[in-house]
Amino acid sequence: MEQRSWRPHGLATATIATALVFGSVPASFAQDKIVHDAEYYVLEAQHGKEWAAQDIALQSKLDELKKKHGRPPNIIHIMWDDTAYGDVGIPAIQKVRGLTTPNINRLADEGILFTRMYTEVGCTPSRAAVVTGRLAIRSGMYNIGMLLESHGMRGEEVTMAEVLSKAGYATGFYGKWHLGDIEESYPNNQGFDEAFFTGYNQILSLNTKLAERANASIGLHEDILPPDPYKLDNTFVTKGWVMVAEGKKGEKARQWGDNSHDTYMKIDPEAQKRTLDFIERNVKAGKPFYIANWPVLASFLPNPNKCSVARSLLQDALQCNIDPFIAKLIAKLEELEIADNTLIVAMADNGPMSHNPPPGLGMAETIFRGGKGDFLEGGVRVPAFAWWPGVIKPGQIVGDIIHETDLFTTFARLAGAMQHIPTDRIIDGIDQTTLLFEGDTNSRRDYVFIYAGPQLGATVKGNYKRHWISPDPVGEASGIPAAFYFLPADPREKTPMLTNLIHLKSPFNRMKLRHELWKKKYPDAKEAHGVPWAGIAKPSPEVEALGKPKLDLSKVPFDPLEYIEHLDQLPFDPSMDPDFGQ
């Protein structure tokens, strides 16, 4: 299928709608522009002239900054896990929740506090969205990767690190990658000059012998358990993996440490140390840099040394892990006299882990209902801040909608790298540089599509929200579902409206149809599958064995590794009920 990119300029809204609904692309549309989702063009047709004028003034400011500093701005993206809106950045909520984070809050006080930063529903899709500028459904990365998932982000995806590298940036990744355990998905193979990363999430802290001894993990480490006299299958339980790896672009990755809980607890300190070192090295080299520092945040084994009033894993981690690192980071930028040429964006990757949490986690809903895994606001509306002294005006509370994919395009604009963004696929990220420079009411987005796995769960348009997966099956079947919400009056999405908001049925239907018809021109890709932890230099015998059949092939009538090619066939439940977060 031919894939074409276009961007309308001054075209009537009706013509845009006709083109998107009926599938025709006017010949006058440029073929070398970034392809956005259909809804963007509806907005651009109405505001394109205004935005074009803003862009001219904006580019002038960027040129002045580059001339002043001799290089484009440094960009640091910090993203941690599973935090409800308000748990950081809003002291009144923190007082209730039993923690204090003065340095994270400083980012809000001296920059922007976003009130409508949207993410994907879980950590793997959220990280895929940030790094590619695309909804996770488009890259096939909506599965949450667990131990020996045998999948990952395909090499054909173009990452933020690849785009910025082409503009002369040094790129470093440190922390929780969680975008696959196959070789092509490693961050050093996805554009980062150097990487220190985990393939999975915080459950790694429970994949340890210490957790096994505490029954926090059951049956993983059979070597320390009493033998089971009834056990027949010695291939069922996982026996080898890599907890942490490191690598440089163009080189093989290497295992770092072992799979112990002690190694797990060293991940964030090491990632922070490498981040500060990377900054120093590139300042000396006179090179702009892009850093993704995505902490593992905390162990799921409760720490006996309590830190916060809340005495919980989340609050302790925010107050005594992330917050001190922010202080060290700002101090380093000020020491090197580059703070005024450095943008920091800090945020959570999705809402709190409110379903089946480990003991002592401390995650809870705040203003919004729902959590990780939900397309409710509590699952995807997160605390987020932007800090850039002398450029971003301090003390701003921004009410505009912004989506995490927008960071991809915005960072590319700041770096002078827009020409390196691919034009053969949909890029959901919208350039929000004007929002950073001019503040409230300057977003170029008023919509969000929220997926639950491969299913479209909900759509947000301004203050209105439509649940496509609804707890009202009778209404859905009859065509008059009570699935419309007015968010300012109902932030917990507890009171769906029918008669009050039924006039929105057709507008939301149009949005969904445009979105889905445009996807037919630019189909969703599949995640890549393969043998986990291949391409590791000097692997342990257990890791090396992952690529070898565990059975004598002459004694079974099939290939024991054939299943890997069919992992994406495992079903999701299409009847998922969003009413989880009560």
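Procedures and definitions
Residues numbered from 1 in each chain as written. Predicted model: local features only at pLDDT ≥ 70, side-chain atom pairs only at ≥ 80, totals over all residues. Heavy atoms only, no water. Helix = DSSP H or I, 4+ residues; strand = E, 2+ residues; numbered from the N terminus. Buried < 20%, exposed > 50% of the residue type's maximum accessible area, 1.4 Å probe, protein only. Contact = heavy atoms within 4.5 Å. Areas by Shrake-Rupley, 256 points an atom, 1.4 Å probe, with all protein chains shown as cover. Disulfide = S-S within 2.5 Å. Pairing = 2+ DSSP bridges. Axes fitted to C-alpha atoms, helices over the stretch in contact; angles between N-to-C directions. Phe/Tyr/Trp six-rings, centres within 6.5 Å; stacked < 30°, edge-to-face > 60°. Lys NZ or Arg CZ within 6 Å of the ring centre and 35° of its normal. Expected span 1.5 Å × (residues − 1). Arc of directions from axis to C-beta. Salt bridge = Lys/Arg side-chain N within 4 Å of Asp/Glu carboxyl O. Core = buried A, V, L, I, M, F, W, Y, C linked by side-chain atoms within 4.5 Å. Polar contact = N/O pair within 3.5 Å; in protein donor to acceptor, adjacent residues only side chain to side chain. Parallel < 35°, antiparallel > 145°, perpendicular 65-115°, else oblique. Nonpolar A, V, L, I, M, F, W, Y, C, P; charged D, E, K, R; others polar.

*Asks:* Explain the overall build of the protein chain here, please?
*Replies:* In terms of helices and strands, the protein chain carries 17 helices and 18 strands. Counting every position in the protein chain, which comprises 582 residues, the buried fraction comes to 56%. Put simply, of all contacts in the protein chain between residues at least 6 apart along the chain, 72% involve residues at least 24 apart. Total accessible area computed for the protein chain in this model is approximately 23,500 Å², and 55% of it derives from carbon and sulfur atoms.

*Asks:* For this particular structure, what's the right way to read the state of the cysteines?
*Replies:* When the sulfur atoms of two cysteines share a covalent bond, that bond is a disulfide. The tally for this structure, following the rule as stated, stands at one disulfide. Two residues, C307 and C320, share a disulfide whose sulfurs are 1.6 Å apart. Because the torsion about its S-S bond is 65 degrees, the bridge between C307 and C320 counts as right-handed. Of this pair, C307 sits in the loop between strand 8 (289-294) and helix 11 (313-335) while C320 sits in helix 11; the two residues are 13 residues apart in sequence, bridging distant segments of the chain. For C307, a relative accessible area of 25% puts it in the partly exposed group.

*Asks:* Teacher, can you tell me more about the sheet that holds strand 14 (residues 455-461) here?
*Replies:* Each strand in a sheet pairs with another by means of backbone hydrogen bonds, the pair being arranged parallel or else antiparallel. If you trace the four strands from one edge of the open sheet to the other, you get 13-14-15-16, paired in antiparallel fashion. At either margin of the open sheet sits one strand with a lone partner, and together these are strand 13 (447-452) and strand 16 (484-486). Sheet twist, expressed as the average angle between the axes of neighbouring strands with direction ignored, equals 20 degrees. Across six bridges, the pairing between strand 13 and strand 14 is antiparallel. When the bridges of strand 14 are listed, I450 appears paired with A458. Across the sheet, helix 16 (residues 505-521) lies against strand 13, strand 14, strand 15 (464-467) and strand 16, angled at about 125 degrees from strand 14, the strand it touches most.

*Asks:* Whenever I open this one, the packing of aromatic side chains confuses me. Can you help?
*Replies:* Think of a pair of aromatic rings as described by two things: how far the centres are apart, and how the planes are tilted against each other in angle. Per the stated rule, a full pass over the model turns up 21 aromatic pairs. With 5.6 Å between their ring centres and 25 degrees between their planes, Y186 and W533 make a pair best called stacked. Here the residue Y186 occupies a position in the loop between strand 4 (170-176) and strand 5 (194-198), and W533 occupies one in the loop between strand 17 (528-529) and strand 18 (536-537), the gap between them amounting to 347 residues. Members of the aromatic cluster, connected to one another through ring pairs, are F173, W177, F192, Y290, W294 and F411. Over the ring of Y447 we find R445; its NZ or CZ atom is 4.9 Å from the centre of that ring.

*Asks:* I'm lost on helix 16 in this one. Help?
*Replies:* For helix 16, built from 17 residues, the straight-helix expectation of 24 Å at 1.5 Å per residue is met to within 8% by its first-to-last C-alpha distance of 25 Å. Taken together, the buried positions of helix 16 are occupied by F508, M511, R514, H515, W518 and K519. Viewed along the axis of helix 16, the buried residues span an arc of 135 degrees, placing them on a single side of the element.

*Asks:* Where do I start with the pattern of salt bridges in this structure?
*Replies:* A side chain with one charge may pair with a side chain of the opposite charge, provided their charged atoms come close. Summed over all chains, the structure comprises 36 salt bridges. In this structure, E222 engages K231 in a salt bridge whose closest nitrogen and oxygen atoms are separated by 3.0 Å. Taken together, the shared-partner salt bridges in this structure form one network comprising E39, D446, K461 and R514.

*Asks:* Explanation requested: the side chain of S126 in the structure shown.
*Replies:* As for its position among the elements, S126 is in helix 5 (residues 123-132). If we ignore the near neighbours within four places in the chain, the residues touching S126 are T119, E120, D349 and E404.

*Asks:* Explain the nonpolar core here, please?
*Replies:* A general tendency of soluble globular proteins is for nonpolar side chains to be buried together. Ranked by internal contacts, the top residues of the largest apolar core, which has 116 residues, are W80, F114, Y290 and W533. Element by element, the count of residues in this core is highest for helix 11, at 10 residues. With residues up to four places along the chain from it excluded, the contact list for W533 reads L148, D181, Y186, F197, G199, Y200, W241, V242, A245, V543 and L546. With 23 residues, the next largest nonpolar core counts V35, F449, F484 and W518 among its residues.

*Asks:* It is not clear to me how the environment of A364 should be interpreted in this structure. Could you clarify?
*Replies:* Tracing the sequence through the fold places A364 in the loop between strand 9 (342-348) and helix 12 (377-380). Classification of A364 as partly exposed rests on a relative accessible area of 26%. Discounting chain neighbours no more than four positions away, the residues touching A364 are A84, R97 and P352.

*Asks:* Could you clarify how one ought to interpret helix 4 (residues 102-109) in this entry?
*Replies:* Structural remark: α-helix, 3.6 residues per turn; residues separated by three or four positions point the same way. Within helix 4, burial applies to I104, N105, L107 and A108. With its buried residues spanning 140 degrees around the axis, helix 4 presents them on a single face.

*Asks:* I keep staring at the side chain of D81 and nothing clicks. Help me out?
*Replies:* Considering the arrangement of structural elements, one finds D81 in the loop between strand 1 (74-80) and helix 3 (91-97). Take D81: its relative accessible area is 1%, and that puts it in the buried class. Within the structure, the side chain of D81 is placed 2.9 Å from the side chain of Q202, a separation counted as a polar contact.

*Asks:* I keep staring at unusual backbone geometry and nothing clicks. Help me out?
*Replies:* Note: most peptide bonds trans; most residues except glycine with negative phi. Its identity as a non-glycine residue notwithstanding, S150 has a phi of 60 degrees, on the positive side. Looking at the element boundaries, S150 is found in the loop between helix 6 (136-139) and strand 3 (151-152). The backbone of K538 sits at a positive phi, close to 45 degrees, despite the residue not being glycine. On the secondary structure map, K538 appears in the loop between strand 18 and helix 17 (541-544).

*Asks:* It is not clear to me how the packing of helix 4 against helix 11 should be interpreted in this structure. Could you clarify?
*Replies:* A packed helix pair is summarised by two numbers, namely the angle formed by the two axes and the spacing between the axes. Where helix 4 contacts helix 11, the axes come no closer than 7 Å and their chain directions differ by 55 degrees. With respect to helix 11, the element helix 4 is oriented oblique. In contact with P102, N103, I104, R106 and L107 of helix 4, helix 11 contributes L318, I322, D323, I326, A327, I330 and E334. Class assignment for the residues of the contact of helix 4 with helix 11 results in eight nonpolar, one polar and three charged.

In short, shape yes, function no, at least from these values alone.
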